[in-house]
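Chain and residue survey
What follows is the residue order along each chain.
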Amino acid sequence: MDKSEYDLGVITALLKRFETQRLPHAKYLHERVMQGGKLTESDVAFLEDVLATAEDIQPMLERHPEYEKLLSQIVNLYREITEKALQNEK
């Protein structure tokens, strides 16, 4: 298996996990913090896991710029969640 086939397999699995698990949870967190809610320890762990995954796959994403717009939208969603959660803590 060459690198592009490997990348495609990993990207497909990550997109599936994002669509079925991470995006629904992120939307829930976004809605909750926008209504003034705070993040729990498990919410913070979820966000940390997402960031760790993003760091791990960064080299692969650099080889596939076609996913740059999607990644940017995802990063913005998580940024909004964390910024609003920090405001809610004050």
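Preceding this section is the structure that the text describes.
Here goes a summary of the coordinates provided. Here the residue numbers are simple positions, counted from 1 along each chain's written sequence. Side-chain atom pairs in this predicted model are given and counted only at pLDDT of 80 or more, local residue features only at pLDDT of at least 70, and totals for whole chains, interfaces and linings cover all residues. Working from all heavy atoms in the structure, the side-chain values ignore hydrogens and water.

**Considerations on the nonpolar core**
- Residues Leu29, Leu39, Phe46, Leu47, Tyr78 and Ile81 are the most contacted members of the largest nonpolar core, which totals 13 residues.
- Think of it this way: any DSSP run of H or I at least four residues long counts as a helix, any run of E at least two long counts as a strand, and we number them from the N terminus. Put simply, the parts of the chain that give this core at least two residues each are helix H1 (3-34), helix H2 (41-63) and helix H3 (68-89).
- Counting residues per element, this core draws most heavily on H3, which supplies five residues.
- Contact definition: two residues touch when any of their heavy atoms are within 4.5 Å. Apart from residues lying up to four places away in sequence, Phe46 is in contact with Arg22, His25, Ala26, Leu29 and Tyr78. Think of a nonpolar core as a cluster: buried Ala, Val, Leu, Ile, Met, Phe, Trp, Tyr and Cys residues, connected wherever their side-chain atoms sit within 4.5 Å. For every residue, the accessible area obtained with a 1.4 Å probe (protein chains only) is divided by the maximum for its type, and the residue is called buried under 20%, exposed over 50%, and partly exposed between those limits.

**As for H3**
- Every helix has an expected span of 1.5 Å times one less than the residues it contains. The end-to-end C-alpha distance of H3, which contains 22 residues, comes to 31 Å, matching closely the 32 Å that a straight helix rising 1.5 Å per residue would cover.
- Residues of H3 that are buried: Ile74, Leu77, Tyr78, Ile81, Ala85 and Asn88. Looking down the long axis of H3, one finds its buried residues gathered within 90° of arc, a one-sided arrangement. In H3, the exposed positions angled more than 90 degrees off the buried face are occupied by Glu68, Lys69 and Leu86.
- In this structure, the buried side of H3 is in contact with H1 and H2. Taken from the helix axis, the directions to the C-beta atoms give the arc we talk about.

The values are spatial; any link to function lies outside them.
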